[in-house]
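Analysis of the macromolecular model
Okay, here's what each chain looks like letter by letter:
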Amino acid sequence: AAIASVELQAATRRMDVAFDSKSPLPAADPLAAFGQGSCGFVHPVLVNDMLVGVLTIGRLDGESVFEAGQVSVIQTFADFLGIHVRNEQFLEEQARSRLVARDLEIAATIQRSLLPENLPALPGVTLAGFYRSARQVGGDYYDALPTPDGDLLLVVADVMGKGLPSALFAFMLRSLVRSRL
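The structure contained in this document is the topic of the report that follows. Numbering of residues starts from 1 in every chain and runs along the sequence as written. Only residues with pLDDT of 70 or above have their local features reported here, since the model is predicted, and side-chain atom pairs are shown and tallied only from 80 upward, although totals for entire chains, interfaces and linings are computed over all residues. In computing side-chain values, all of the structure's heavy atoms are included and hydrogens and water are not.

1. Remarks on the sheet that holds strand S1 (residues 17-19)
Ordered by their spatial adjacency, 3 strands build an open sheet running S1-S2-S3, and the pairing between neighbours is antiparallel. Both edges of this open sheet fall to S1 and strand S3 (50-59), since each of them pairs with a single strand only. Strand-to-strand twist of the sheet, defined as the mean angle between neighbouring strand axes without regard to direction, takes the value 15°. Throughout, a residue-residue contact means that at least one pair of heavy atoms, one from each residue, lies within 4.5 Å. Here the axes come from fitting lines to C-alpha atoms, over the contacting stretch only for helices, and the angles between their N-to-C directions go from 0 to 180 degrees. By the criteria applied, helices consist of DSSP H or I runs no shorter than four residues and strands consist of E runs no shorter than two, each listed in order from the N terminus. Its contacts with the sheet place helix H2 (residues 68-114) against strand S2 (39-47) and S3, and it is angled at close to 35° to S2. Pairing between strands is defined by DSSP: at least two bridges between them are needed.

2. Describing the pattern of salt bridges
Salt bridge, as applied in this entry: a Lys or Arg side-chain nitrogen positioned within 4 Å of an Asp or Glu carboxyl oxygen. If you walk through the whole model with that rule in mind, you get 4 salt bridges. Arg 14 is the partner of Asp 49 in a salt bridge, and the nearest nitrogen-oxygen pair spans 3.6 Å. Note that Asp 49 is positioned in the loop between S2 and S3 and Arg 14 in the loop between helix H1 (6-13) and S1, a separation of 35 residues in sequence. Relative accessible area decides the class of each residue, using a 1.4 Å probe on protein chains only: under 20% of the type maximum gives buried, over 50% gives exposed, and in between gives partly exposed. Residue Asp 49 is classed as exposed on the basis of its relative accessible area of 60%. Residue Arg 14 is classed as partly exposed on the basis of its relative accessible area, which comes to 37%. Notably, a salt bridge pairs Arg 86 with Glu 93, separated by 3.7 Å at the nearest N-O pair.

Laid out in structure tokens, this is it:
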């Protein structure tokens, strides 16, 4: 089946697609709305073999087609523009990555603050605790709390998931447990 859009053709084939009075746009092509008899070409913008977009250049008067030098300048401009678009995407990804790393740092700090530095001493019993997350941070929590009647409440929690939401949920659980004693 023929692809109805020259822009989609250029993107999928990763090749320039030209149109003029000798090779007119298909009637279903959205660019045909600009008028039959127009001429131009569509250039896929690729950076490191990744499609960034397409650049469509056209003229309404189909009589004057683009010369080879003009096409070369337009292709160079489009490729240069593609590099800048891809660079901007890369910078946005880096910024998102830094935000995620910062969230994980905050969550790890919250998680470390949840775990007791020292466990209570009981006659005839030695308590010890150690925690290491499989990832940078998780929602795990343990505690040993003396109760008002002299007993000891052992709390072990494993919040499903990782990251800041799990650490915050564990923090809320810790606060709730401690507020009840």
